[in-house]
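# Descriptive analysis of the structure
This is what each chain is made of:
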Amino acid sequence: MEVDFLEFVVPVENNKTLFVWDIQPSLTEAEIYDRLCGVFSSFGPLYLLKLSPNTPLHPSGFSALVKFYSAAQALKAQRHTDGCSLFQSAPLKVRLSSKQTPHFLCDSRRPLSHARCLELANHCLGFNGWTSDIITLKELTNEEEEDGGEGEEGGLRRRLRFGCLLQLSFPRHRQTTRGAAVVEDTFTCTGPDVLLQKRCFLQKRVREKALVQAFTTVLLILLGHGKVMVEVRQTSDQCVPEQTEGVLQINSPVSVNQFSRSDFDPDEDEGEDEEWNLTVS
């Protein structure tokens with residue numbers, strides 16, 4: 001049985017990238033993009049599809065770069081599309097990337113953006129396959145940071161800081177994980193409307209950032225018969241109330257953030273060492 005693995009990180013490996021050549025200009029660029037997206041997304045979710053016109057020294061037409069989240073899905077797509085005409089009269093040439101990835105990118109684990117996380121989770125698990133719940137969302141601005149000097153436009157310089165603790169759940173798999181984030185911004189406050197807009201923006205941003213952090217602990221295991229398993233990695237970076245004495249340590253540009261112990265679930269298990277919890281749906 002085939003088994004495939006998907007993580008919520010930006011795919012950088014060569015074996016997840018396809019190059020497509022000999023695309024004829026018989027359709028508009030937008031139509032070709034839609035056709036390519038339809039063909040390759042049938043093999044699995046795509047991280048990127050980029051269509052480019054050929055250089056002047058080559059025959060008129062296009063080439064494309066297609067990046068999958070999964071190496072197995074990329075290989076399957078290459079084998080089933082190379083040499084096929086698909087949406088045009090001439091066959092396409094489809095190859096796996098042979099470009100050497102720089103060493104510093106090989107070990108990179110850059111998280112997906114918030115929108116990409118939602119897209120990948122919904123594609124693999126369905127819209128009802130996961131939920132997120134805010135445990136706490138607090139303003140962490142210190143009193144001495146409330147008012148600053150005069151700004152460029154005559155208003156006062158203000159600094160706002162918000163923290164969020166969020167729980168990500170997969171009910172059918174009986175798995176949960178948590179994510180925490182802190183965001184801050186310094187700006188010129190010219191009126192109450194500006195302050196309100198900035199508060200709303202930072203609250204939205206910190207929720208999204210906490211959700212992204214939670215998704216980085218999730219591994220999706222795709223089985224050959226179409227079922228999905230969810231595995232959650234518990235690490236010491238996650239929120240452990242028994243180990244926090246009035247503060248929450250968060251892996252972010254702000255190193256120490258003031259969350260009270262009462263904001264967390266007192267029954268949460270400790271997780272000193274990294275371990276994976278696995279449930280089959």
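Model, not experiment: these values are computed from the prediction.

## A look at the confidence of the model for the chain
Of all residues in the chain, 75% attain a pLDDT of 70 or more, and the chain-wide mean is 81. Scored below 50 in pLDDT, residues 239-281 shows 98 contacts in the model against residues more than four places distant or in partner chains.

## Thoughts on the pairing of strand 7 (residues 156-170)
Counted residue by residue, strand 7 has eleven buried out of 15 residues, so it is predominantly covered. Judged from the eight bridges that link them, strand 6 (residues 131-139) and strand 7 form a sheet pairing that is antiparallel. Paired with E139 across the strands is F162, a residue of strand 7. With 15 bridges connecting them, strand 7 and strand 8 (residues 175-189) associate as antiparallel partners. The residue bridging R161 from the neighbouring strand is E184, located in strand 8. Counted between consecutive antiparallel strands, the loop separating strand 7 from strand 8 contains four residues, among which R174 sits at a positive phi close to 55°.

## Concerning the nonpolar core
Ranked by internal contacts, the top residues of the largest apolar core, which has 37 residues, are F8, F215 and L220. Counting only elements with at least two residues in this core, the list comes to helix 4 (114-125), strand 7, strand 8, helix 5 (192-215), strand 9 (218-223) and strand 10 (228-234). Considering every element that reaches this core, the biggest residue donor is helix 5, with eight residues. If near-sequence neighbours (up to four positions away) are discounted, F8 is found in contact with P111, L112, C117, L120, A121, F215, V218 and L220. Of all hydrophobic cores here, the second largest spans 20 residues; its members include I32, L36, V39 and A77.

## So, the environment of R199
Mapped onto the elements, R199 comes out in helix 5. Separated by 37 residues in the primary sequence, R199 and F162 have C-alpha atoms spaced 8.6 Å apart. R199 has contacts with E139, R158, L160 and F162, leaving out every residue within four places of it along the chain.

## Here we look at the sheet that holds strand 7
Note on sheets: strands pair through backbone hydrogen bonds, and any given pair is parallel or antiparallel. Judged by pairing direction, the sheet is antiparallel, and its three strands sit side by side in the order 6-7-8 without closing on themselves. Taken across any chain shown, the strands that pair with only one partner, and hence form the sheet edges, are strand 6 and strand 8. Between one strand axis and the next, the sheet turns through 20° on average, direction left out of account. Running at roughly 150° to strand 8, helix 5 makes contact with strand 6, strand 7 and strand 8 of the sheet.

Thresholds, definitions, all that
- Residues numbered from 1 in each chain as written.
- Predicted model: local features only at pLDDT ≥ 70, side-chain atom pairs only at ≥ 80, totals over all residues.
- Heavy atoms only, no water.
- pLDDT = per-residue confidence, 0-100.
- Contact = heavy atoms within 4.5 Å.
- Buried < 20%, exposed > 50% of the residue type's maximum accessible area, 1.4 Å probe, protein only.
- Helix = DSSP H or I, 4+ residues; strand = E, 2+ residues; numbered from the N terminus.
- Pairing = 2+ DSSP bridges.
- Core = buried A, V, L, I, M, F, W, Y, C linked by side-chain atoms within 4.5 Å.
- Axes fitted to C-alpha atoms, helices over the stretch in contact; angles between N-to-C directions.

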